[in-house]
Each structure stands twice: as structure tokens, then as C-alpha cells.
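Observations on chain architecture
So the chains spell out like this:
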2 protein chains.
Amino acid sequence: MVASPKPVYLKLRDMIAAAIIDGTYPEGTLLPSVRALAAEQGANPLTVAKAYQQFQLDGLVEVQRGVGMLVAPNAATRLRKTERDQFLTEEWPAIRQRIDRLGLDAQELLAKQTG
Amino acid sequence: MVASPKPVYLKLRDMIAAAIIDGTYPEGTLLPSVRALAAEQGANPLTVAKAYQQFQLDGLVEVQRGVGMLVAPNAATRLRKTERDQFLTEEWPAIRQRIDRLGLDAQELLAKQTG
DNA sequence: CATGGTGCATGAGTGCCATAATACAGCCTC
DNA sequence: GAGGCTGTATTATGGCACTCATGCACCATG
């Protein structure tokens with residue numbers, strides 16, 4: 001692996017997704033503006049816009065030009081379902097295969113607490 | 001995520017690593033030549049060479065110019081240990097955190113058999 | 001030595017990412 | 001309507017990673 005050369009806009013996208021899922025931004029909430037989030041994260045406004053764009057296409061945020069972006073109804077639920085499906089079908093199989101190949105013990109993995 | 005835009009040389013590197021770990025290429029075995037593997041995988045010889053390069057730096061393969069590349073002693077063991085450590089310290093925490101965030105049951109996932 | 005197999009160094013080309021500056025379109029408050 | 005906040009479109013630029021084509025250095029074989 002190459003450490004974390006993950007594109008900034010994807011990192012931002014993940015941050016926002018996580019915040020929506022865990023309820024930091026409930027339904028109907030006004031998300032941080034493109035410029036505000038850019039300033040806070042030290043990124044370019046266009047890069048932030050690119051991150052938000054992903055959610056617009058999926059209808060997870062309502063764009064009100066001149067006002068801001070609102071978290072759409074059931075965004076958290078839908079987002080969780082989407083990420084869950086994608087994780088289970090695309091990511092987990094490979095991870096599971098890797099665990100087996102490395103001969104790792106399930107108990108040992110479960111013992112580790114989050115964060 | 002964007003499906004799998006994973007660089008070719010990393011995919012190849014993983015393939016080779018897996019093959020070494022599971023004993024497809026035991027210690028002292030001559031690995032497929034750069035050109036041969038390139039032809040087989042439909043990749044460029046230099047891309048394959050880049051994949052092999054990672055193993056040379058770690059001393060997991062012995063390069064004999066004009067002959068080929070040999071699997072170094074204890075390569076499988078060392079490789080498994082390296083990958084294991086890296087997985088446990090760098091990858092699993094993030095995965096575990098994601099599992100929790102998505103409301104999935106880690107124990108249930110690990111209980112399932114591969115494939 | 002000639003041949004054909006190795007790996008390797010150099011260089012160029014391509015595309016994605018991130019940034020910047022500027023301008024426009026819409027909504028709210030005063 | 002004026003001013004200030006939203007998101008958006010346009011264009012240009014620099015950097016970086018990935019991939020590839022060419023040619024060279026090395027070794028084993030006959």
C-alpha cells in the first residue's frame with residue numbers, strides 16, 4: 001500500500017458521509033458551506049464542491065442555490081444502506097480472504113477495540 | 001470508493017505475495033520472468049518489474065541478472081509476518097471502525113466462511 | 001563467440017488531482 | 001434595490017503517479 005495518497009475530495013466525502021451517518025448532521029440540517037468547509041480543512045473550495053457533488057447526484061443532499069445544502073430525508077438511512085451493501089459485496093470478501101491467507105485469528109481481531 | 005482503480009503494479013505485487021505465502025513459489029524457486037508474467041497478465045514488462053522491485057528492496061527475492069529471480073529463504077514466513085503486522089496496525093483498525101459505523105456485526109462477519 | 005534468455009536504466013507520454021482567479025446565478029436581510 | 005451570503009461554471013496551471021517503448025548490461029548454453 002502507498003500509505004494514504006487518497007485524494008482529498010474522497011477524504012472529505014468520507015468525512016461528510018460519516019458525519020451524516022452518525023447524526024452529526026441530521027435530516028434538514030444545513031451542511032457547512034463550500035467555502036466554510038474549505039477554509040476549515042485548508043482545502044480549495046472547488047475540491048470541497050467536488051466532494052459534495054457526489055451526494056447531490058445520489059439525492060442525499062438538497063441544493064438550494066443561494067442558501068446552502070440540506071441533508072435530504074432519510075439520507076442517513078439510505079447512506080448507511082448504500083455503504084453497507086458496497087462494503088459487504090465489494091470490500092469485505094477481499095478483506096476476509098486476506099485474513100484467511102494471513103492466518104489471522106478471528107478472536108484476536110475481535111479483541112481489539114475500536115479507536 | 002471508485003470501484004477498483006488500483007494500480008496494476010500493486011495488483012501484481014499482491015498476486016505474487018499471495019503466491020509466495022501460500023507456497024505456490026517455494027523458497028529457491030525461480031519466479032516467472034518479467035516478460036513472461038507480463039505476457040501472461042497482459043501488462044507491460046516494466047510494470048511487472050516495478051511490482052517485483054518491492055520484493056527486491058525487502059530482500060524477499062534474490063536477483064541473478066541474466067538468470068531470473070529466486071525466492072529468498074524464509075520469504076514466505078517473513079512476508080506473512082510483514083503483511084500481518086501491517087494489516088493489524090494500519091488496516092484493521094480503520095476497517096473495524098467502519099464496520100461499527102455501518103452498524104454491522106464484526107463477529108458475524110468473521111464467522112462466515114470464505115467465498 | 002553467437003544466441004537467446006534474464007533484469008534494468010533512461011526517457012517520454014498520459015491522465016488524475018489539486019489549486020488558482022474570475023465571473024455568474026440565486027436567495028436572504030436590510 | 002444593495003450588499004452579502006450561498007453554489008456553480010470557466011479556464012489555466014503545476015504536480016504527481018502510472019504506464020509504456022527503446023535500448024543496454026548481464027548470464028547460460030552450445
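The structure reproduced in this document is the subject of the present report. Since this is a predicted model, take the numbers as computed values, not measurements.

Here is what the cut-offs are and how they apply
Residues numbered from 1 in each chain as written. Chains lettered and ligands numbered in written order. Predicted model: local features only at pLDDT ≥ 70, side-chain atom pairs only at ≥ 80, totals over all residues. Heavy atoms only, no water. Phe/Tyr/Trp six-rings, centres within 6.5 Å; stacked < 30°, edge-to-face > 60°. Buried < 20%, exposed > 50% of the residue type's maximum accessible area, 1.4 Å probe, protein only. Lys NZ or Arg CZ within 6 Å of the ring centre and 35° of its normal. Least-squares fit on C-alpha atoms with pLDDT ≥ 70 in both. Contact = heavy atoms within 4.5 Å. Near = heavy atom within 4 Å. Polar contact = N/O pair within 3.5 Å; in protein donor to acceptor, adjacent residues only side chain to side chain. Helix = DSSP H or I, 4+ residues; strand = E, 2+ residues; numbered from the N terminus. Nonpolar A, V, L, I, M, F, W, Y, C, P; charged D, E, K, R; others polar. Pairing = 2+ DSSP bridges. Axes fitted to C-alpha atoms, helices over the stretch in contact; angles between N-to-C directions. Parallel < 35°, antiparallel > 145°, perpendicular 65-115°, else oblique. Left-handed = near helix turned anticlockwise from the far one by under 90°.

**Digging into the packing of aromatic side chains**
- Taken as a whole, this structure holds two aromatic pairs over all chains when the rule is applied.
- Plain terms: the ring middles of B:Phe87 and B:Trp92 are 6.2 Å apart, the flat faces sit at 35 degrees to each other, and that makes the pair tilted.
- When its relative accessible area of 1% is taken as the criterion, B:Trp92 is described as buried.
- Here the guanidinium or amino end of A:Lys50 rests over the ring plane of A:Tyr9, the centre of that ring lying 4.4 Å away.

**Remarks on the relation of the copies chain B and chain A**
- With an RMSD of 0.8 Å, chain B superimposes on chain A once it is rotated by 179 degrees and translated 0.3 Å along the axis. Look at the turn and shift together and you get a two-fold axis relating the two. For chain B, the minimum C-alpha distance to the rotation axis belongs to B:Gln107 and amounts to 3.0 Å.
- Same-surface contact between copies: 88% of interface residues of chain B are shared with the interface of chain A.

**Looking at the protein's contact with DNA strand C**
- Around DNA strand C lies a shell of 21 residues, among which A:Pro7, A:Val8, A:Thr47, B:Arg35 and B:Arg65 are the nearest.
- Of all DNA strand C atoms lying within 4 Å of any protein atom, the proportion belonging to sugar or phosphate reaches 64%.
- One of the backbone N or O atoms of B:Gly66 is found 3.3 Å from a base oxygen in DNA strand C.
- Those elements that place two or more of their residues in the surface near DNA strand C are α1 (8-21) and α3 (45-57) of chain A together with α2 (34-41), α3 (45-57) and β2 (68-71) of chain B.
- Considering every element that reaches the surface near DNA strand C, the biggest residue donor is α3(A), with three residues.
- Class assignment for the residues of the surface near DNA strand C results in ten nonpolar, seven polar and four charged.

**Re the pairing of strand β1 (residues 61-64) of chain A**
All names here are of chain A.
- Pairing between β1 and strand β2 (residues 68-71): four bridges, direction antiparallel. Bridge assignment links Gln64 to a residue of β2, and that residue is Gly68.
- From the end of β1 to the start of β2, which pair antiparallel, there are three residues, and Gly66 there has a positive phi angle of about 90 degrees.

**Side note on the packing of α1(A) against α3(A)**
Residue and element names in this part refer to chain A.
- For the pair α1 and α3, interaxial distance at closest approach is 8 Å and the crossing angle is 50 degrees. In terms of their interaxial angle, α1 and α3 are classed as oblique. Crossing handedness for the pair α1 and α3: right-handed. Contacts between α1 and α3 involve Val8, Tyr9, Leu12, Arg13, Ile16 and Ala17 on the former and, on the latter, Thr47, Val48, Lys50, Ala51, Tyr52, Gln54 and Phe55.

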